[in-house]
Number of protein chains: 2
Amino acid sequence: MLSNILFYSLDKAIKQYRRFAQANIDRAGIAITIDQWLVLRVILENDDLTQTEIGDRVFKDQASVARIIRLLTERSLLVAEALPHDGRRTQLRVTAEGQRILDAVHPIVLSNRQIALRGLSEEDTAQLQQLLERIYLNCTPQP
Amino acid sequence: MLSNILFYSLDKAIKQYRRFAQANIDRAGIAITIDQWLVLRVILENDDLTQTEIGDRVFKDQASVARIIRLLTERSLLVAEALPHDGRRTQLRVTAEGQRILDAVHPIVLSNRQIALRGLSEEDTAQLQQLLERIYLNCTPQP
DNA sequence: AATAGATGTATGATATATCATGAAGGTTGC
DNA sequence: GCAACCTTCATGATATATCATACATCTATT
């Protein structure tokens, strides 16, 4: 049975959480995807990362990050200015509108997490996190 | 920190597992994606499901299943025959080539799971699965 | 039997994931 | 200085996810 396979349960849980979280953002009338929100948030907290470094933090590859940044820029949630000392890169800055959206999403994200974790104790989530980290490491090729 | 957020760990673990699993299938020279494999496997086990029912089992929506079935059919891993009693549907059958690929992937999938769960006890995986199911239910709107 | 509603499938639009590659800029070693 | 290499970013191709919708067909009701 598929239902007995751990990775099926993992996939199922994260997909349902993403659908739930996105639906709540949509319902609040905020026009942003979870992935865009995640990247925007990372840029706000640290505006001197390369696309590859951003990708490492949000677990996306550089190509995905590039396209998300393009969308965020087109939607004016982000601006890119030339950097004098390196012609390849740009300085990314979250705009006022971007900040407004981050602020609006924040309470929704907190509420989403709380609802999703209802019935789980601190120890439950700690152990869950530890097991997930172990799986991650098991699947990561040693350099 | 993102790393303290449970859903970040969840996303990270499942993504890394999928990359790991797909890389091992690719390395074996088998031309199929994990998602295609999953759908093909469900059809083998039960060849009278609608696309929506298949989607329910593999946690995809009907549109995704339709496109995966089209690819599997184009690659001749699956054939669709008209059903006399219902002009909307077709009878899906896994071809010999499809069966060959399922057989080739099977030991790789078992090995992937074993490696990914290295260091986790039976109780660990059981508890993990139970917590994931709880999260799923928490994120599922009550009808 | 005709019609309204339900079901099954296909597909368009947009977003993301992955791999590969191209193009431009930067760094190092000589 | 320059050649080889590395880094950064953009983009094409393909696969999947999601929502909406179109279309055909089936079912139920009258």
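Worth saying up front: this structure is predicted, and the values here are computed from it rather than measured.

Undergrad: Describe the protein's contact with DNA strand C, listing the residues and the values that go with them.
TA: Around DNA strand C, the surrounding shell holds 25 residues, and the nearest of these are Thr 33, Arg 75 and Gly 87 of chain A together with Arg 67 and Arg 88 of chain B. A breakdown of the atoms of DNA strand C within 4 Å of the protein gives sugar and phosphate a share of 58%. Side-chain polar atom of Arg 19 of chain B to a phosphate oxygen of DNA strand C: 2.8 Å apart, as the coordinates give it. Arg 67 of chain B places a side-chain nitrogen or oxygen 2.7 Å from a base nitrogen of DNA strand C. Ranked by residue count, the leading element in the surface near DNA strand C is helix H4 (residues 62–74) of chain A, at 5 residues. The class makeup of the residues in the surface near DNA strand C is 5 nonpolar, 8 polar and 12 charged.

Undergrad: Give me the lowdown on the packing of aromatic side chains, citing residues and values where you can.
TA: Counted according to the given criterion, the structure contains 4 aromatic pairs over all chains. Both rings, one in Phe 7 of chain A and one in Tyr 17 of chain B, keep their centres 3.7 Å apart while their planes meet at 5 degrees; by these two values the pair is stacked. Of the two residues, Phe 7 of chain A sits in helix H1 (residues 6–27) while Tyr 17 of chain B sits in helix H1 (residues 6–27), which places them in two different chains. Accessibility expressed as a relative area gives 9% for Tyr 17 of chain B, which makes it buried. Seen in terms of ring centroids, Phe 59 of chain B and Tyr 136 of chain B are 5.8 Å apart; in terms of plane orientation they differ by 70 degrees. Their pairing is edge-to-face. Taken together, the residues span a long stretch of sequence, with Phe 59 of chain B in the loop between helix H3 (51–58) and helix H4 (62–74) and Tyr 136 of chain B in helix H6 (residues 122–138) at a distance of 77 residues. The exposure class of Phe 59 of chain B is buried, given its relative accessible area of 9%. Lys 12 of chain A extends its terminal NZ or CZ atom over the ring of Tyr 136 of chain B, reaching a point 4.4 Å from the ring centre.

Undergrad: Describe the packing of helix H2 (residues 34–45) of chain A against H4 of chain A, listing the residues and the values that go with them.
TA: Residues and elements named next belong to chain A. Contact geometry for H2 and H4: axes closest at 10 Å, N-to-C directions at 85 degrees. The orientation of H2 with respect to H4, classified from their angle, is roughly perpendicular. Here Asp 35, Gln 36, Val 39, Leu 40 and Ile 43 of H2 lie close against H4, whose contacting residues are Ile 68, Ile 69, Leu 71 and Leu 72. Partitioned by chemical class, the residues of the contact of H2 with H4 number 7 nonpolar, 1 polar and 1 charged.

Here is what the cut-offs are and how they apply
Residues numbered from 1 in each chain as written. Chains lettered and ligands numbered in written order. Predicted model: local features only at pLDDT ≥ 70, side-chain atom pairs only at ≥ 80, totals over all residues. Heavy atoms only, no water. Near = heavy atom within 4 Å. Polar contact = N/O pair within 3.5 Å; in protein donor to acceptor, adjacent residues only side chain to side chain. Helix = DSSP H or I, 4+ residues; strand = E, 2+ residues; numbered from the N terminus. Nonpolar A, V, L, I, M, F, W, Y, C, P; charged D, E, K, R; others polar. Phe/Tyr/Trp six-rings, centres within 6.5 Å; stacked < 30°, edge-to-face > 60°. Buried < 20%, exposed > 50% of the residue type's maximum accessible area, 1.4 Å probe, protein only. Lys NZ or Arg CZ within 6 Å of the ring centre and 35° of its normal. Axes fitted to C-alpha atoms, helices over the stretch in contact; angles between N-to-C directions. Parallel < 35°, antiparallel > 145°, perpendicular 65-115°, else oblique. Contact = heavy atoms within 4.5 Å.

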